[in-house]
Amino acid sequence: MTGVAEPLAERYAAAHSTPPPVELVALQEDTIAQLASPQMLSGPVEGRLLELLVHAVRARLVLELGTFSGFSALSMAAGLPPGGRIVTCEVSPDHADFARRRIRASPHADRIELRVGPALETISTLSGPFDLVFIDADKTGYPDYYEAVLPKLSDHGLIVVDNTLWSGRVIEPAGESEDTRALAGFNDALVADDRVVCVMLTVRDGVTLIRRR
């Protein structure tokens, strides 16, 4: 797919996916207007994918690493069954405050628990089992996050990892940034890990789905 076609295909995919509810449209607009690095937002198509994955695995306990503005947490909350919940982890107090206000004003406030601090510390306090884990935090931390959550995954659970294509820079990572090299190394190690089955999707900036064998 050419660089010209990619944005067209993304717009076509967005136009042929169920649009987000008005509160998520407003959240997206607020994120772009008020937060630095708004490209970190999951966006409507990936948000719907996350919601449908949560619904498909009938997730009762979801763990998210990297809340940012709360878009992905609120998207996933819409796919939870009654009694289901999400624990979302954010290291930035500013991002956490922004997300917390939006979560409190949403229809899903009672389903989402936001914890502030290093994600590995939070994971160590949680027993699981997690039915879905969404990893979208600092890229150099991906290997440690993966190893920390894999033993706590339920038998039918999924790990969903964001940004695994990294705008294509992972294809030839030599000379690229530390984040790029870390992601490329994570991708290589993951596909060679005989404990799991994985598939990389070309949704947005690359989304990899993982299950235990």
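Notes on the structure follow. (Residues numbered from 1 in each chain as written. Predicted model: local features only at pLDDT ≥ 70, side-chain atom pairs only at ≥ 80, totals over all residues. Heavy atoms only, no water.)

For the rest of this paragraph, the subject is unusual backbone geometry. Omega for the peptide link from Gly-128 to Pro-129 comes to -5 degrees, which places this bond in the cis form. Counting through the fold element by element, Pro-129 comes out in the loop between helix H6 (119–124) and strand E4 (130–135). Even without being a glycine, Phe-68 presents a positive backbone phi close to 55 degrees. Looking at the element boundaries, Phe-68 is found in the loop between strand E1 (61–65) and helix H4 (71–77). Positive phi, close to 50 degrees, is recorded for Arg-204, a residue that is not glycine. (Helix = DSSP H or I, 4+ residues; strand = E, 2+ residues; numbered from the N terminus.)

Strand order across the open sheet formed by seven strands is E3-E2-E1-E4-E5-E7-E6, with mixed pairing between neighbours. Since the sheet does not close on itself, it has two edges, and those belong to strand E3 (112–116) and strand E6 (196–201), each with one partner. In this sheet, neighbouring strand axes are inclined to one another by 15 degrees on average, regardless of whether the strands run parallel or antiparallel. Two strands pair when backbone bridges link them, and E1 and strand E2 (residues 85–90) are joined in this way by five bridges, in the parallel orientation. Considered in E2, the bridge of Val-62 is made with Ile-86. Sitting on the sheet, helix H8 (residues 178–191) is in contact with strand E5 (153–162), E6 and strand E7 (207–212), with an inclination near 135 degrees to E6. (Pairing = 2+ DSSP bridges. Axes fitted to C-alpha atoms, helices over the stretch in contact; angles between N-to-C directions. Contact = heavy atoms within 4.5 Å.)

On to the pairing of E1, then. The buried fraction of E1 is high, at five of five residues. Judged by which residues are buried, E1 turns out to be covered on both faces: Leu-61, Leu-63 and Leu-65 on one side and Val-62 and Glu-64 on the other are all buried. Handedness of the crossover joining E1 and E2 through H4: right-handed. Sheet topology places E1 next to E4; four bridges connect them, and they run parallel. Bridge pairing in E4 links Glu-64 to Phe-134. (Buried < 20%, exposed > 50% of the residue type's maximum accessible area, 1.4 Å probe, protein only. Right-handed = clockwise from strand over helix to strand, strands pointing away.)

Time to look at the environment of Gly-79. Residue placement: Gly-79 occurs in the loop between H4 and E2. Sequence-wise, Gly-79 and Ala-59 are 20 residues apart; in three dimensions their C-alpha atoms are separated by 8.2 Å.

Turning next to helix H7 (residues 142–149). Those residues of H7 that sit buried are Tyr-142, Tyr-145, Tyr-146 and Val-149. Viewed along the axis of H7, the buried residues span an arc of 100 degrees, placing them on a single side of the element. (Arc of directions from axis to C-beta.)

Below, the discussion takes up the nonpolar core. Counting 30 residues, the largest nonpolar core has Val-54, Val-62, Met-76, Ile-86, Ile-112, Leu-132 and Val-160 as the members making the most contacts within it. In terms of residues, this core owes the most to one element, H4, which gives five residues. Other than its neighbours up to four places away in sequence, Met-76 contacts Leu-50, Glu-51, Val-54, Val-62, Glu-64, Ile-86, Leu-132 and Phe-134. Counting residues in hydrophobic clusters, the runner-up holds 28 residues, among them Ile-123, Leu-126, Ile-159 and Leu-183. (Core = buried A, V, L, I, M, F, W, Y, C linked by side-chain atoms within 4.5 Å.)

Below, the discussion takes up helix H5 (residues 93–104). In this model, H5 (twelve residues) spans 16 Å end to end at C-alpha, consistent with the 16 Å of a helix rising 1.5 Å per residue. Among the structural elements, helix H2 (22–34), H4, E2 and E3 are those in contact with the buried residues of H5. (Expected span 1.5 Å × (residues − 1).)

Under the criterion given, the structure shown has two aromatic pairs. When the ring of Tyr-142 is compared with that of Phe-186, the centres are 5.7 Å apart and the planes differ by 75 degrees; the resulting orientation is edge-to-face. With Tyr-142 in helix H7 and Phe-186 in helix H8, this residue pair connects regions lying 44 residues apart in the sequence. Here Tyr-142 and Phe-186 have matching classes, each one buried. Through a chain of ring-to-ring contacts, the aromatic side chains of Tyr-142, Tyr-146 and Phe-186 assemble into a single cluster. Above the face of the Phe-98 ring, Arg-102 is positioned so that its terminal group lies 3.8 Å from the ring centre. (Phe/Tyr/Trp six-rings, centres within 6.5 Å; stacked < 30°, edge-to-face > 60°. Lys NZ or Arg CZ within 6 Å of the ring centre and 35° of its normal.)

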